[in-house]
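# Coordinate analysis (summary)
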Amino acid sequence: MTAVVTILFFGVAYGMILYLISVGLSVTMGLMGFVNLAHGVFAMLGGYAAVTLMNQLGLSLFAALPLACAMVTVVGFVLERTLYSRLYGRSELDQVLFSMGLILISMALVRVVWGPLAQPVQLPDYLKGQSVVGGIELPTYRFVLVAFGTAVIVALWVIFERTLFGARIRAAVDNRGMAQAIGIDTGRLFAVTFGLGTGLAALGGALGADVLAIAPNYPLHYIVYFMVVVAVGGLGSIRGPFIAALSIGLADTACKYLLPEMGSVFIFAFVFALLLWRPNGITGKR
Amino acid sequence: MTDRSNAAVLVLPQAGTVGARKILPMLLWVAALAIPTFAPGYTPLASQIVVMILFALSLDLLVGFTGIVTLGHAALFGAGAYTAGIMALRLTNDPLITALSGMAVAALVGLVTGSCMLRTKGLAFLVLSLAAAFMLHELANMATSVTGGDDGLQGVSFAPLLGVFEFDFRGQTAFYYSLACLFAAFLLVRRVVNSPFGWSLRGIRENDGRMRAIGCPIYRRRLAAYVISSALAGLAGALQAQITQFVALRSLSLELSGDVLIMLILGGAGRLYGAFVGVPLFMFAQDLLAKEDPANWYLGQGVILLVMTLFVPGGVLGLVERVRRSLGRGGRR
């Protein structure tokens with residue numbers, strides 16, 4: 001029983017982090033078809049920004065999160081306007097190479113600024129330690145993580161499903177030409193969405209700093225997970241990646257807990273089979 | 001998929017430009033033969049370069065000629081390397097038998113994974129290629145009793161080549177042997193890409209929908225290219241194991257898949273000699289930049305990639321070609 005609850009809890013927390021980081025990638029890839037391997041860079045930058053704001057400047061966690069998020073959103077927005085937008089409509093190979101280049105440059109810069117070691121997260125005292133729920137000890141911070149993550153996800157869904165902005169994004173994902181024809185400025189829409197996506201990734205990276213360690217190899221180390229969430233979840237969707245991220249979070253946690261030796265191989269074998277069955281992901285067209 | 005930047009334009013061989021284009025490569029091959037005589041200290045490095053050229057050449061068949069972008073090509077290199085290494089420790093350490101086995105195993109891995117993965121395209125294919133390589137990497141990492149895990153396979157020694165030429169510490173045998181393999185592979189790839197099959201691969205790269213419409217069995221052609229490429233990558237891996245007497249877990253890693261892609265792009269994909277230009281340039285830049293701080297080298301690689309994609313599509317060879325063309329036009333005027 002304890003094991004089941006622990007796995008569920010850690011798995012959900014992990015899945016939420018994966019979702020926050022990957023959902024922006026799914027939407028932007030669905031909008032412009034841009035193969036952006038470098039999305040993890042923004043999560044890493046969010047993590048570094050938050051950790052630095054907290055450890056060096058002494059900001060509280062809840063002040064550091066939005067600030068880090070805003071900073072990375074600006075970075076993402078600028079990069080989109082200056083570099084990414086030059087590669088729209090180019091071949092998949094060019095986009096892959098370009099985003100690989102961004103990953104490598106970011107790794108180098110981060111290494112120079114923060115050094116090669118992983119950044120420790122210094123949590124405030126009231127978030128340290130364990131909470132006992134139903135006789136099972138669970139880390140307090142993860143509760144905050146899950147609660148915060150849920151709030152952000154609900155807000156995201158409301159924006160996506162209930163606002164004009166969300167309707168525009170959905171229209172542009174469905175049929176870009178048609179959306180343009182009825183007067184939606186898809187270029188601007190994409191820039192804003194890109195910024196929003198990088199901001200969410202930064203939030204995920206910052207919130208999950210003690211789940212996915214903030215170190216220079218971050219964007220390369222976890223790239224498989226982000227890409228898998230997007231591919232399995234389906235492009236241009238915000239529901240698909242949620243299911244994918246939660247499943248991968250739970251499965252990965254369960255495997256690490258129950259089968260530490262073979263864990264990740266099973267997951268990737270499963271992903272392999274799933275993508276052969278549904279190449280466009282679980283929400284995509286057959 | 002329209003591809004106006006990286007792919008070499010579909011140009012049929014021109015009769016007028018035979019001279020320099022044929023003689024220069026021949027001179028380079030002959031010059032390579034002289035390396036152990038004139039620069040014996042560089043022989044081991046030269047062998048490394050030769051092996052990586054072979055690996056990048058195998059990738060060129062996919063990326064450059066068929067338009068298949070893979071992030072897991074190291075899986076096939078590693079399959080060849082581990083096959084050769086494990087065979088040498090347990091069965092036989094004859095270099096030719098282990099190299100051929102490395103090729104065969106890599107081709108088999110390529111056939112099995114390729115026959116699944118090539119049913120998809122785009123993002124799904126990218127992720128599948130990542131996932132396949134990741135799985136092999138994890139398996140090799142965990143099967144420590146067979147593969148040595150994280151430490152790699154150490155102390156792999158091979159019998160003299162053909163029973164005569166020993167793999168000496170100066171690395172002469174290793175160099176001539178790997179150069180011979182590269183030359184054979186080069187002739188094969190050149191034969192393949194200039195055959196009707198090779199032209200159909202270019203057609204698939206340019207527009208697979210049209211190729212299907214004119215009755216080309218796309219899936220089979222792509223799979224055939226994938227298996228040939230896998231076998232050559234496996235050969236490169238086996239050679240690597242033989243000349244370094246060591247198989248590292250890195251030979252299956254995402255880093256290696258990325259490195260070889262950068263090497264190829266640097267030289268120019270879809271041009272046969274791209275690998276020959278890109279690999280030495282890459283190794284030279286690595287030597288220059290990685291000495292002090294690995295961060296420099298990451299930065300260097302990243303800048304190479306951005307410059308290549310934004311300003312120099314077609315790599316160094318593409319650049320040379322454009323300069324030559326503009327010069328030629330100026331001369332005629």
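Up top is the structure these notes are about.
Residues numbered from 1 in each chain as written. Chains lettered and ligands numbered in written order. Predicted model: local features only at pLDDT ≥ 70, side-chain atom pairs only at ≥ 80, totals over all residues.

## Remarks on the interface of chain B and chain A
Taken together, the contacts link 38 residues of chain B with 38 residues of chain A. Broken down by secondary-structure element, the contributors of at least two residues to the side of chain B that touches chain A are helix 6 (122-142), helix 12 (254-267) and helix 14 (294-310) of chain B. A per-class count over the side of chain B that touches chain A returns 27 nonpolar, eight polar and three charged. (Contact = placed C-beta atoms within 7 Å. Helix = DSSP H or I, 4+ residues; strand = E, 2+ residues; numbered from the N terminus. Nonpolar A, V, L, I, M, F, W, Y, C, P; charged D, E, K, R; others polar.)

## Some words on helix 5 (residues 140-162) of chain A
All names here are of chain A. An ideal rise of 1.5 Å per residue puts 33 Å on 23 residues; helix 5 measures up with 33 Å between its terminal C-alpha atoms. By the burial criterion, the buried members of helix 5 are Tyr 141, Arg 142, Leu 145, Gly 149, Val 152 and Leu 156. Among the structural elements, helix 1 (2-32), strand 2 (136-139) and helix 8 (186-207) are those in contact with the buried residues of helix 5. (Expected span 1.5 Å × (residues − 1). Buried ≥ 20, exposed ≤ 12 C-beta atoms within 10 Å, placed from the backbone.)

## A closer look at the nonpolar core
A:Val228, B:Ile53, B:Leu54, B:Ala56, B:Val127, B:Ala131 and B:Leu235 are the most contacted members of the largest nonpolar core, which has 202 residues in total. Tallying contributions element by element places helix 1 of chain A first for this core, with 16 residues. With near-sequence residues (within four places) excluded, B:Val127 lies in contact with A:Met227, A:Val228, A:Ala231 and A:Leu275. (Core = buried A, V, L, I, M, F, W, Y, C linked by C-beta atoms within 7 Å.)

## Observations regarding helix 3 (residues 61-82) of chain A
Residue and element names in this part refer to chain A. Its 22 residues place the ends of helix 3 31 Å apart at the C-alpha level, agreeing with the 32 Å of an ideal helix rising 1.5 Å per residue. Looking at helix 3, one finds that the buried residues are Ala 64, Leu 65, Ala 68, Cys 69, Val 72, Thr 73, Gly 76 and Glu 80. Relative to the axis of helix 3, the buried residues are bounded by an arc of 165° and lie together on one face. Those residues of helix 3 that are exposed and angled more than 90 degrees off the buried face are Val 74 and Thr 82. Looking at the buried positions of helix 3, the neighbouring elements they touch are helix 2 (39-55) and helix 8. (Arc of directions from axis to C-beta.)

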